[in-house]
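Examination of the molecular architecture
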Amino acid sequence: MKKHFKAVLCLVLALLLTLSFAGCAKVNYISSSAMRAVDEVKSGEWKTKNVQEIGSEDVIQIDELTPGTYGGVEFNNLDDVISFYKAAYDKTKAKTAQYTDENGTVQEWYAFAGSQEIIASDILIDGQSNAVINKLIPQLMDSLYKPSIAGLQPSMNQDPLLDVDENNESLLTLRATADDLLAANVTDNNDGTVTLKMQPKRVEMSHVGLDSQGKIFTSLNDIGAVYDAVEAFTWASGTTEENVKVTYKDGVAEVTIDVASGEIVSATYNMRAYAAVQHANLAVVHDKSATVTVDYIVKFPCDQAFYDKVNVHPV
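Throughout what follows, the structure given in this document is the object of discussion. (Residues numbered from 1 in each chain as written. Predicted model: local features only at pLDDT ≥ 70, side-chain atom pairs only at ≥ 80, totals over all residues. Heavy atoms only, no water.)

1. A look at empty space enclosed by the protein
Empty space among the atoms becomes visible once a probe the size of a water molecule is rolled across them. Scanning the entire structure with this criterion turns up two cavities of 30 Å³ or more. Its volume calculated, the largest cavity comes out at about 40 Å³. Taken together, Tyr89, Pro154, Leu171, Thr173, Leu174, Arg175, Gly209 and Lys215 form the lining of the largest cavity. (1 Å grid on protein atoms, 1.4 Å probe; cavity = no way out; pocket = protein on both sides within 12 Å on 5 of 7 lines; lining within 4 Å. Points joined across faces, edges and corners; volume = space filled by probe spheres on them.)

2. Focus: helix H4 (residues 78-93)
The end-to-end C-alpha separation of H4 is 22 Å, in line with the 22 Å expected for 16 residues at 1.5 Å each. All of the buried residues along H4 are Val81, Ile82, Phe84, Tyr85, Ala88, Tyr89, Asp90, Thr92 and Lys93. Residues of H4 that are buried sit in contact with strand S2 (73-75), strand S4 (106-110), strand S6 (181-188), strand S7 (193-200), strand S11 (252-258) and strand S12 (263-282). A distance of 3.1 Å separates the backbone nitrogen of aspartate 79 from a side-chain oxygen at the start of H4, and that oxygen is part of asparagine 77. (Helix = DSSP H or I, 4+ residues; strand = E, 2+ residues; numbered from the N terminus. Expected span 1.5 Å × (residues − 1). Buried < 20%, exposed > 50% of the residue type's maximum accessible area, 1.4 Å probe, protein only. Contact = heavy atoms within 4.5 Å. Polar contact = N/O pair within 3.5 Å; in protein donor to acceptor, adjacent residues only side chain to side chain.)

3. A short note on the pattern of salt bridges
Going through the model one piece at a time under the given rule, you end up with eight salt bridges. A salt bridge links aspartate 90 to lysine 86; the nearest nitrogen and oxygen atoms lie 2.8 Å apart. Of this pair, aspartate 90 and lysine 86 both sit in helix H4, four residues apart, which is roughly one turn of the helix. Across the pair lysine 215 and aspartate 180 runs a salt bridge whose closest N-O atoms are separated by 3.4 Å. (Salt bridge = Lys/Arg side-chain N within 4 Å of Asp/Glu carboxyl O.)

4. Description of the pairing of S7
Burial of S7 is extensive: seven of the eight residues sit out of reach of the surface. The sheet contact formed by S6 and S7 spans seven bridges and is antiparallel. Bridge pairing links alanine 184 to methionine 198 in S7. Linking two consecutive strands that pair antiparallel, namely S6 and S7, is a turn of four residues; a positive phi of about 60° is found at asparagine 190 within it. (Pairing = 2+ DSSP bridges.)

5. Concerning the nonpolar core
Counting 56 residues, the largest nonpolar core has Phe75, Tyr85, Leu196, Met198, Ile264 and Tyr269 as the members making the most contacts within it. Here this core gets eight residues from one element, more than from any other, and that element is S12. Other than its neighbours up to four places away in sequence, methionine 198 contacts Ile62, Val81, Ile82, Tyr85, Leu181, Ala183, Ala184, Gly251, Val252, Ala253 and Val255. With nine residues, the next largest nonpolar core counts Trp109, Ala113, Cys302 and Phe306 among its residues. (Core = buried A, V, L, I, M, F, W, Y, C linked by side-chain atoms within 4.5 Å.)

6. Examining unusual backbone geometry
Put simply, glutamine 153 and proline 154 share a cis peptide bond, and its omega is -5°. Relative to the elements of secondary structure, proline 154 occurs in the loop between helix H5 (131-144) and S6. That bond from phenylalanine 300 to proline 301 is cis: its omega, -10°, falls within 30 degrees of zero. With respect to the helices and strands, proline 301 occurs in the loop between strand S13 (285-300) and helix H8 (304-310). Positive phi, close to 65°, is recorded for asparagine 168, a residue that is not glycine. Inspection of the secondary structure assignment puts asparagine 168 in the loop between H5 and S6.

7. Observations concerning the environment of isoleucine 137
Along the chain, isoleucine 137 falls in helix H5. Once the C-alpha coordinates of isoleucine 137 and serine 121 are considered, the two residues, 16 residues apart in sequence, prove to be 8.6 Å apart.

8. Notes on the packing of aromatic side chains
Two aromatic rings, taken as a pair, are described by how far apart their centres are and by the angle between their planes. Within this structure, the stated rule accounts for seven aromatic pairs. Seen in terms of ring centroids, tyrosine 99 and tryptophan 109 are 5.7 Å apart; in terms of plane orientation they differ by 35°. Their pairing is tilted. You can see tyrosine 99 sitting in strand S3 (residues 96-100) and its partner tryptophan 109 sitting in strand S4, a full ten residues away along the chain. Here tyrosine 99 falls in the buried class, since its relative accessible area comes to 1%. Every member of this aromatic cluster is reached through a ring pair, and the members are Tyr70, Phe75 and Phe84. When the ring centre of tyrosine 274 is taken as origin, the NZ or CZ atom of lysine 249, which lies over that ring, is 6.0 Å away. (Phe/Tyr/Trp six-rings, centres within 6.5 Å; stacked < 30°, edge-to-face > 60°. Lys NZ or Arg CZ within 6 Å of the ring centre and 35° of its normal.)

The structure is reproduced here in structure tokens:
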């Protein structure tokens with residue numbers, strides 16, 4: 001894709017939180033009702049509250065592994081789960097195929113492609129919700145976010161040659177280990193496939209390929225740099241590092257693998273990030289706080305409807 005996921009999602013987060021503070025020309029263009037929400041914020045109808053801290057606990061969201069044999073494969077611990085996943089991941093991600101992109105150009109991209117979706121929810125300004133802003137968000141997302149097909153997560157580009165982390169190291173092979181998992185389980189589907197569910201450990205400010213969340217999901221990298229790049233933002237107190245937080249937890253990867261071929265046949269990656277900004281100044285609004293929950297969902301394989309939506313097609 002022309003703009004990789006990190007840049008897109010960072011932009012979406014920044015704009016969502018900017019919207020929460022003061023509105024913008026883009027929002028006014030989309031809906032004049034947004035200004036009513038802005039007026040409520042500026043008028044003080046909402047009493048300022050401290051942004052609630054994201055719980056520090058890392059709560060398991062899936063069943064834990066019951067040791068045993070699934071699909072003829074023995075899984076006794078998390079090492080067995082991640083080793084089986086890594087073998088399938090590396091084998092599947094090694095395959096490429098030709099596509100025609102939206103300009104009609106033939107590209108050599110990952111053969112196993114997925115569809116992308118971003119969902120923003122639970123937007124709070126100074127600890128409280130605003131119905132107008134919540135209704136406006138889907139329109140804003142549609143106008144800002146241009147999805148494309150994706151490679152197996154974590155992936156920064158569907159072109160294997162461009163799929164690298166922030167240190168320019170390749171993401172072609174899985175880096176995750178058992179130590180990166182909070183929990184995992186296996187299900188025998190009785191059709192020659194097994195399904196793995198994996199929940200990585202909680203991480204603050206995740207970086208793709210470099211930590212527990214970033215080894216399973218395509219995380220945000222340095223969201224704080226987005227705010228530093230927006231000249232209109234200043235801080236009533238503190239620094240960007242102190243005022244911009246992104247907590248990754250509760251996300252789950254569900255991957256189905258054909259035991260005979262050793263390849264992934266379907267998967268859903270649901271990364272969840274809780275973003276919070278406090279003590280922000282923007283235009284006439286001062287010392288405001290906001291939070292947003294973002295789910296980044298990538299489903300494999302990509303269906304025909306999504307290919308048609310993004311105007312990209314296998315040759």
